[in-house]
Amino acid sequence: MFPGRMTLSPPGPPGGPPEELQELAFIERPIRRSLKTAEEIDQLTVDEDLNDVERAVYLLSVGQEVQRASVISNLPSLVRQNPAETFRRVVPKVREVLNGAGAEIQLAAATSFLTILQDDIILIHTHTYSILKTVLLHLNHRDTVVSSAWLETLLSAINALPKETIKQEVLNPLLYQSQLSHSLQARLAACRILGKASCKFDSLIVKKELLPLARSLSRDTESEVRVCMCRQLESMARAIGVDDTRTELLPELLELAGDEESRVRLAAFDSIISLMEMMDGDDRLHLLVPLVMSACDVSSQVDEGIMVSLSFQFGKLCSGLAGSLSEEQKRLLLQKFQVLCITGLQTEENQMDVGESTLIRCNCCYNLPAMVAFVDPAHFLCDIHPSLSGLCSDPEVSVRRSVAASFHQVVKLLESNVHVVHKELLLLLQDSALEVLDALMNHLDETLEVVLSRGDNLILDNKLPELLSALLSAEQKVGSSLRWRLHEKLLHRYSCLSRLLPGELLHQTFSARIFIILTTNKVLPVQKEAARTFCTFLRYNRKQEQRQEMMERLIQDLAQGRSYWNRLRFLDVCEIATEIFSRKYFNKHFLIPALELVHDPVANVRYKLCQLLPRLRSSLRLPADKLLLQKLDFCVQKFLCREKDKDVVAMIRKTVLELDKLDLSEPFHKRHEWDLLDQKKEKEEMLLLEMEQLERQQSDGKLNSDKHAERKRRDSKTSLSSAKSMSVSSSTGSSSSGKETRKAKLSRSRSLSSQPTSSKPVNSDRPLKVKDLSGSSGLGKSTRDDSVRTAHFTLTTQSTSSMPVLIRSKTTSLLDQASLLEQREHRTSTLDHRTGNRDQRNHMMEHRTSSLEEREHRTSTLDHRDHRTSTLGQRSKTMERGSGMKDSQSRKLSMNRKSNSLQSE
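Bear in mind the structure is a predicted one, so any value in this text is a computation, not a measurement. Position numbers for residues count from 1 along each chain, tracking the sequence in the order it is written. Per-residue local features of the predicted model are confined to residues with pLDDT of at least 70, and side-chain atom pairs are confined, for both listing and counting, to 80 or more; whole-chain, interface and lining totals are unaffected and use all residues. To get the side-chain values, all heavy atoms of the structure are used, and hydrogens and water are removed first.

This brings us to the overall build of the protein chain. Strands are runs of DSSP state E lasting at least two residues, helices are runs of H or I lasting at least four, and both sets are numbered from the N terminus onward. Counting secondary structure elements, the protein chain contains 44 helices and zero strands. In the protein chain, buried positions account for 39% of the 905 residues. Residue-level accessible areas treat just the shown protein chains as cover; the underlying method is Shrake-Rupley with a 1.4 Å probe. Accessible surface for the protein chain amounts to roughly 53,800 Å². Of this, 54% is attributable to carbon and sulfur atoms. Any residue under 20% of the maximum accessible area for its type is buried, any over 50% is exposed, and the rest in between are partly exposed; the area is computed with a 1.4 Å probe on protein chains only.

Our next topic: helix 20 (residues 354-366). By definition here, a helix of n residues has an expected span of 1.5 Å times n minus one. Taking 1.5 Å per residue, 13 residues should reach 18 Å; helix 20 reaches 18 Å between its end C-alpha atoms and fits that length. All buried positions along helix 20 are accounted for by S357, T358, I360, R361, C362, N363, C364 and C365. By definition, residues are in contact when any of their heavy atoms lie within 4.5 Å. The inward-facing, buried residues of helix 20 contact helix 18 (304-320), helix 19 (327-341), helix 21 (368-374), helix 23 (385-392) and helix 24 (397-405).

L471, L497, L554, F590, L613 and L616 are the most contacted members of the largest nonpolar core, which has 211 residues in total. In terms of residue count, helix 14 (residues 223-240) provides more of this core than any other element does, 10 residues in total. In this structure, L497 is in contact with L448, L452, L471, L506, F510 and F537, ignoring residues within four places of it in sequence. In plain words, nonpolar cores are sets of buried Ala, Val, Leu, Ile, Met, Phe, Trp, Tyr and Cys residues tied together by side-chain atoms within 4.5 Å.

Turning our attention to helix 12 (residues 184-197). In an α-helix there are 3.6 residues to a turn, and that puts residues three or four apart on one side. End to end, helix 12 covers 20 Å across 14 residues, agreeing with the expected 20 Å (1.5 Å per residue, within 8%). Of all 14 residues that make up helix 12, 10 are buried, and the element is covered over most of its length. Looking at helix 12, one finds that the buried residues are A186, R187, L188, A189, A190, C191, I193, L194, G195 and A197.

Attention now goes to the environment of P173. With respect to the element layout, P173 can be found in helix 11 (residues 163-177). Residue P173 is classed as partly exposed on the basis of its relative accessible area of 34%. The spatial distance from the C-alpha of P173 to the C-alpha of A190 is 9.5 Å, given a sequence separation of 17 residues.

A few words now on the environment of E356. Structurally, the position occupied by E356 is in helix 20. E356 sits in the partly exposed class, given a relative accessible area of 28%.

Take the UniProt feature "repeat: HEAT" (unreviewed entry) in the protein chain next. Sequence positions flagged by UniProt for "repeat: HEAT" (unreviewed entry) are, in local numbering, residues 210-248, 249-287 and 384-418. Counting secondary structure, residues 384-418 comes out at 71% helix and 0% strand; the distance between its end C-alpha atoms is 13 Å. UniProt positions are given in the numbering used here, feature names are shortened, and annotations may be inferred rather than shown by experiment.

Bringing the confidence of the model for the protein chain into the picture now. Per-residue confidence for the protein chain gives a mean pLDDT of 76; residues scoring 70 or more make up 68%. Note: pLDDT gives the predictor's confidence per residue, expressed from 0 to 100. Predicted confidence is poor over residues 742-815, with pLDDT under 50, and the contacts of this stretch with residues over four places away or in other chains come to 45 contacts.

Moving on: the packing of helix 23 against helix 24. Contact geometry for helix 23 and helix 24: axes closest at 8 Å, N-to-C directions at 125°. Judged by the angle between their axes, helix 23 and helix 24 are oblique. Contact with helix 23, carried on its side by L388, L391 and C392, involves V399, R400 and V403 of helix 24 and no other residues of that element. Here the nonpolar group is Ala, Val, Leu, Ile, Met, Phe, Trp, Tyr, Cys and Pro; Asp, Glu, Lys and Arg are the charged ones; every other residue, Gly included, is treated as polar. Of the residues belonging to the contact of helix 23 with helix 24, the class tally is five nonpolar, no polar and one charged. As a rule, the C-alpha atoms of each element are fitted with a line to give its axis, helices using only the stretch in contact, and angles between N-to-C directions run from 0 to 180 degrees. For this classification, under 35 degrees means roughly parallel, over 145 means roughly antiparallel, 65 to 115 means roughly perpendicular, and everything else is oblique.

Within the secondary structure layout, S271 lies in helix 16 (residues 262-274). For S271, a relative accessible area of 5% gives the class buried. At 3.0 Å, the side chain of S271 and the backbone oxygen of A267 are in polar contact. Excluding residues that lie within four positions of it along the chain, S271 makes contacts with C230, R231 and L253. Pairing of N or O atoms within 3.5 Å defines a polar contact, subject to two protein rules: one partner must be a possible hydrogen donor and the other a possible acceptor, and residues neighboring in sequence count only if both atoms are side-chain atoms.

As a packed pair, helix 12 and helix 14 sit with axes 8 Å apart at the nearest point and diverge in direction by 10°. When the axis of helix 12 is compared with that of helix 14, the two are roughly parallel. Between helix 12 and helix 14, the residues in contact are L184, R187, L188, C191, R192, L194 and G195 and E224, V225, C228, M229, Q232 and S235, respectively. Partitioned by chemical class, the residues of the contact of helix 12 with helix 14 number seven nonpolar, three polar and three charged.

Right, let's get into unusual backbone geometry. At the junction of L622 and P623, the peptide bond is cis and its omega measures out at 0° in the coordinates. Among the secondary structure elements, P623 is positioned in the loop between helix 38 (603-618) and helix 39 (626-642). At E415, a position not held by glycine, the phi torsion is positive, near 55°. Structurally, the position occupied by E415 is in the loop between helix 25 (407-414) and helix 26 (422-429).

Note on aromatic pairs: the rings of Phe, Tyr and Trp (six-membered ring only in Trp) are paired at centre separations within 6.5 Å, and the planes decide the class, stacked below 30 degrees, edge-to-face beyond 60, tilted for the rest. Taken as a whole and assessed by the stated rule, the structure comprises nine aromatic pairs. Pairing F314 with F337 gives two aromatic rings, centres 5.7 Å apart and planes at 40°, and the pair type is tilted. With F314 in helix 18 and F337 in helix 19, the pair connects residues that are 23 residues apart, well separated along the chain. On the basis of relative accessibility, which here comes to 2%, the residue F314 falls in the buried class. Look at F586 and F590: their rings are 5.6 Å apart centre to centre, the planes differ by 10°, and that puts the pair in the stacked class. We note that F586, like F590, is buried. These aromatic residues form a ring-pair network of at least three members: F581, Y585, F586 and F590. Placement of a positive charge over a ring is assigned whenever Lys NZ or Arg CZ falls within 6 Å of the ring centre and within 35 degrees of the normal to the ring plane. The ring of Y540 carries the charged tip of R539 above its face, separated from the ring centre by 5.2 Å. Between R569 and the ring centre of W565, over which it is positioned, the NZ or CZ distance is 4.6 Å.

Moving on, we get to the pattern of salt bridges. The salt bridge definition used is simple: a Lys or Arg side-chain nitrogen within 4 Å of an Asp or Glu carboxyl oxygen. Applying the stated criterion across every chain, the model contains 29 salt bridges. Where R187 meets D220, a salt bridge forms, and the shortest distance between an N and an O atom there is 3.0 Å. Here the residue R187 occupies a position in helix 12, and D220 occupies one in the loop between helix 13 (203-218) and helix 14, the gap between them amounting to 33 residues. Given the relative accessible area of 6%, R187 is considered buried. Among the salt bridges present, the one from E252 reaches R219, with a minimum N-O distance of 3.2 Å. Taken together, the residues E252 in helix 15 (residues 242-257) and R219 in the loop between helix 13 and helix 14 connect sequence positions 33 residues apart. Residue E252 is classed as buried on the basis of its relative accessible area of 8%. Taken together, the shared-partner salt bridges in this structure form one network comprising R569, D572, E575, K608 and R615.

This part covers the side chain of Q232. Mapped onto the fold, Q232 is located in helix 14. Classification of Q232 as buried rests on a relative accessible area of 18%. Apart from residues no more than four positions distant in its own chain, Q232 is found in contact with C191, R192 and G195.

Before going further, it helps to spend a moment on the environment of K646. You can see K646 is positioned in helix 40 (residues 646-665). Look at K646 and you get exposed, because its relative accessible area is 68%. Taking the C-alpha atoms as reference points, K646 and A603, 43 residues apart in sequence, are found 9.6 Å from one another.

Next up on the list: the state of the cysteines. Any pair of cysteine sulfurs within 2.5 Å is marked as a disulfide. The final tally for this structure, using the stated rule, is zero disulfides. A disulfide-free cysteine, C341 has its sulfur positioned 4.0 Å from the sulfur of C364, the nearest such atom.

Have a look at this one:
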C-alpha cells in the first residue's frame, strides 16, 4: 500500500540484525543501579557513635581488606590526635593484621610508620621501640618491594632510637645476616644498616665492631653486595676520622677500584672522589692523581660508566687537585674535558649509547663554571671557549638546557672579559626550544647585571643593540606560545633592566612592548606581571617627560579606556603601585583616577574598586591627605546610597567594616615598619629627581662648555692670524731697516776713509738724534726698536778717538729710554684692556638699568592705569550720588505739586 516507504529501508543481512541495532540493544540493557548488594552495605556500615580509635579497632578486627588498608593509611593522623590510645589499642591490631597480609597492606603500614618517624609525631622511645619490633618482623619479606619499604622505615627509626636499643636490637642480629649463608637481600640490608648506624656511635666502636663487618661485606662473592658496601664506606670514613681513614679504608677502596666488575670500580671511584676533602696533599698526589690520570687515559676506551661518573665529577676533581697537578697534567685534564664535551657527536666505530653520550655532555655543562675557574683567564679563549660554544649549539635540547642553566655562573667568573661569550648568550636567547629559554630565565637578571655593567664600554656599545633585539625576540617567541608561566617569569626577570639600561633607551625599546602586553594579553598572571614591570620602569625612569607620558598612557588607555577589561587592569596596576611607589607619589598620580571609577557603568569594575578601597585608605595620612580622605569617604557614601547591584552592595558593606577596623586592627609596630618603608621609598624617589636635575645641569654645563670652547677656538684662530700678520710686517720692517743700516755703514766707512773726522759735526748731530728718539715715543714698538737700533749704529760708526766715553754714555742712555718706553707701552696696553672690560661692564649695567627703567615705566603705567580706574570709580560714585540727589529732589517736587493740587481742590 506504501511502496515509497518500503524502498527507504534496505534489506537486512541474512546473518542477523545490523550492527547499529546491536549497539542500540546494548544501550537498552538494564543498568545496575548499585555496585554493592544490601548485605555488603550492611557489612561496610559502622556505628556513628564510635570514636576514631574504636572505629579503627573495629574495622581492623572485622572489616574488609579495603577498610583495613584505609585505617592503616590513616594511622599517622590517629597518632597525632591520641598517641597513647593509638599505640595501646590500634598498633597491636595492626601488627596482627600484618601477619599474612598482602603487599598492599604491607606497603601501607611501612609508609605510615615511616611518616610517623619522619614527622617526629611520637616523643617517647617506647613507641619507637614498638614500631621497631614491627619493622624487624617484616624486614625479610619475600617481596623485594615490600622488604625495601620496611628497610627505609628501619633506617629512619635508627635516627630516633637510643644507642643501646640499636646495638641490641639491630646490630646483634646484623652479625648473622652478613654471613654468606643468608640471602642476598639480607646482606644488602646489612650493608645499608652499617652505613646508617655508624653515624650514631663514636669512632672507637665503629673501628672495633663495625669496620670488620664492613670489610667482610666488601669482599663478598656477589658484586652487588660489594657495590652496596663500597657506597657506605664514605659514611663510615667520616665516623672514624681522617687518620683511621688513611690507614683502614683508603687501601680497601683502592683495592675495590681494581675490581674485575665495572660497577664495583665505578662505586669505588665515586667513593674515593667523595673522600678527597679528607685527604692531605701527599695522599692526593700519590693516590688520587694517578687514579684520575689512569681514568682519563682508559675511560674513553673501556668503561662507559666510569666516563659518565668522570664527566660528573670532573669539576670537583680539577678544583680539588689544582695544587697537586703539574702543567702537563693540567693540559691532559683540559684535553680530556674537551673530548668529553663532544662525546657522541663524532662518527666513530665504537660509539656509545646516545643516552650515555648525551648525559656526558650534560655533565660537562654542569662542570663548566668549575672549569672556567680552573683555567687561567688568559687561556680561556683557547681552552674553554670552543667547548662552551659547541655546547651552546649542541643538537640535543637537554644539553643546551643544561648549559643555559649554568651560564650565569660562567658570566660571573669571566667578569670584565664577559664580552667573549656575547655570541653564546645571543644563541641561547634565540634558541628555538622553549626549554632552553626557561632554564636561561631562572638567572637572567644575574646574567644581564654582569653583562651590562662589567663589560668594556666600547665593545658593549657595539653589541648592545644585538642584545636588546635578542631579548625582545625572546619575549615575542614566548608570548606567542602557550607557556604563560614562562612568559610571567620572563617579564619578572626583565624588570631588572630598569637598573641596568639608560632611561631613554629603556623607554624606547621595552616600555612600549610591556604596555602592549598589559593591554592585550588575556592571561591574568601575565598581565599582573606586566603591570609590575611597567610600574618598575616608571619608578626608575629619571626623565620627567617620559614619566609623564607613561602616566598619561595609563590614565587614557586603562583608567579611561573604552573596555571594562582595561579599567579592571588599571585597578590591578593601582594595587601593584601601592607596593612599588611611596604613598606621596601614589596619592598624587593614582588615587584620584581610581576613585573616579565609582561612576563606572560596569558592576565588575565597581566591585573591584570596593575590594581595593581598604588599600587606598591605608595610603592616606592625616592631616596632609585630608582632601583625599574626603573624596574617598564621598566614594563610599555614593556606593552606599546609589548602588543597585547586589554583589557590589554586599562587598561595600564588607568593605565598610574593614575600613572601620583598619586603624584599630593594625598594631603600632606594623604601622611603624610601613612608615619606615614608605620613607625609604620617598627618599629614593627624591634622590632620582635630584639625579635628574643633576643630569640636566651637567648636560647644560656641557653645552655651555662646548660653546665656550668653540668661542675660544675662534678667538685663538683670530689671534693667530693677527700674530702672523704682525710677524710678517715686523719681519719686512726689520729686513728693510737692516738693509738701510748696511748702506749707512758703507757710506760712513767711505766718508771716514776719504775725510778726516772733526768733533763739531758730531756734536751738532747728536742732540738732533736724541730729540728724534724722544719725539718718537708715540709710535709703535717695531718703529721704536728700529730707530733705537739705527741710532745706536750711527753713533758707534761716528765715534772718534777723542770722545769714546761720551759716545758710550749716550748709547746706554738711549737704550734705557727705549726699555722705559717699552714698559710704558705694555702698561698702556694693559690699561686699555682694563678700560675695555670696564666699558663692557658699564654697557651691561646700562642695559640692566635700561631694563629696570622699562620695568619701572611699566609699573608706573600700571599705577597710572590703577589711578585712572580709581578716579573713574570715584567719579561714577559721585555721579551716582548726584543722580540719587536729583531723584530725591524730583520726588520732593512731585510730592509738593501733588499736595498743592490737593489743597487747590
